[in-house]
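Working through the structure, step by step
Take a look at the letters that make up each chain.
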Amino acid sequence: PVQMVESGGGSVQAGGSLRLSCVADGYAFRSKSIGWFRQAPGREREGLAGIYAGGGSTRYDDSVKGRFTVTQDNAKNTVYLQMNSLKPEDTAMYYCAAGLDVVAGSVNYWGQGTQVTVSS
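What this report covers is the structure whose coordinates are included nearby.

Moving on: the overall build of the protein. Counting secondary structure elements, the protein contains one helix and 11 strands. Counting from the amino terminus, helix and strand elements in the protein follow one another as β-β-β-α-β-β-β-β-β-β-β-β. Taken over C-alpha atoms, the radius of gyration comes to 13 Å for the protein, in line with the 14 Å a tight globule of 120 residues would show. The dimensions of the protein, computed from C-alpha atoms along their principal axes, are 40 × 30 × 25 Å. Evaluated residue by residue, the protein yields a buried proportion of 43% over its 120 residues. When contacts within the protein are restricted to residue pairs at least 6 apart in sequence, those whose partners lie at least 24 apart make up 56%. Carbon and sulfur atoms provide 46% of the accessible area of the protein, an area that totals close to 6100 Å². Both charge centroids of the protein, one from 11 positive and one from 10 negative side chains, sit 4 Å from each other.

Right, here's the structure in full:
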């Protein structure tokens, strides 16, 4: 089975930063997109950021645009999510995922998640 393993979550005060990492199987990196989504209690899954095959373009959900940056290191099969200017509403479980369109929610693979908690 394809595995994706997230790390880097934790607790931070509002305005702070965190950098999430995701080590994934090579199969995931051959997907149409690879990136991140999150889910908080009582809320739907929200696609956040993705890197897309072909030209390597990136897409972001409006809620994180300008604050989050997704990057990848193919040599290490690793995807990162740099999160700046964090807000309490960013509190959620964050998942690394790969599939047709991570931001749109069309995913085939995802990890166990890493918790991000932002305090006011």
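Next comes the rest of the write-up.
Moving on: the packing of aromatic side chains. Counted under the stated rule, the structure contains one aromatic pair. Pairing F37 with Y95 gives two aromatic rings, centres 5.0 Å apart and planes at 15 degrees, and the pair type is stacked. Here F37, found in strand β4 (residues 33–39), pairs with Y95, found in strand β9 (residues 92–99); they are 58 residues apart in sequence, far enough to count as distant. Like F37, the residue Y95 is buried in the burial classification.

Looking now at the pattern of salt bridges. Enumeration over the complete set of coordinates arrives at six salt bridges. Note that E46 and R38 form a salt bridge whose closest N and O atoms lie 2.9 Å from each other. Note on accessibility: E46 and R38 belong to one class, buried. D90 is the salt-bridge partner of R38, the closest N and O atoms lying 2.9 Å from each other. With a gap of 52 residues between them, R38 in strand β4 and D90 in the loop between β8 (78–83) and β9 connect regions that are remote in the sequence. Comparing R38 with D90 shows no difference in burial state: the two are buried. Via salt bridges that share partners, R38, R43, E46, R67 and D90 belong to a single interconnected network.

A word on empty space enclosed by the protein. Going through the model one piece at a time under the given rule, you end up with one cavity of 30 Å³ or more. Counted as a void, the largest cavity has a volume near 40 Å³. Residue lining of the largest cavity: R38, Q39, A40, R43, E44, E46, E89, T91 and A92, and that is the complete set. The class makeup of the residues in the lining of the largest cavity is two nonpolar, two polar and five charged.

Rules and cut-offs
- Residues numbered from 1 in each chain as written.
- Predicted model: local features only at pLDDT ≥ 70, side-chain atom pairs only at ≥ 80, totals over all residues.
- Heavy atoms only, no water.
- Helix = DSSP H or I, 4+ residues; strand = E, 2+ residues; numbered from the N terminus.
- Rg over C-alpha atoms; globule rule 2.2 N^0.38 Å.
- Buried < 20%, exposed > 50% of the residue type's maximum accessible area, 1.4 Å probe, protein only.
- Contact = heavy atoms within 4.5 Å.
- Areas by Shrake-Rupley, 256 points an atom, 1.4 Å probe, with all protein chains shown as cover.
- Lys, Arg positive; Asp, Glu negative; His and termini not counted.
- Charge placed at Lys NZ, Arg CZ, Asp CG, Glu CD.
- Phe/Tyr/Trp six-rings, centres within 6.5 Å; stacked < 30°, edge-to-face > 60°.
- Salt bridge = Lys/Arg side-chain N within 4 Å of Asp/Glu carboxyl O.
- 1 Å grid on protein atoms, 1.4 Å probe; cavity = no way out; pocket = protein on both sides within 12 Å on 5 of 7 lines; lining within 4 Å.
- Points joined across faces, edges and corners; volume = space filled by probe spheres on them.
- Nonpolar A, V, L, I, M, F, W, Y, C, P; charged D, E, K, R; others polar.

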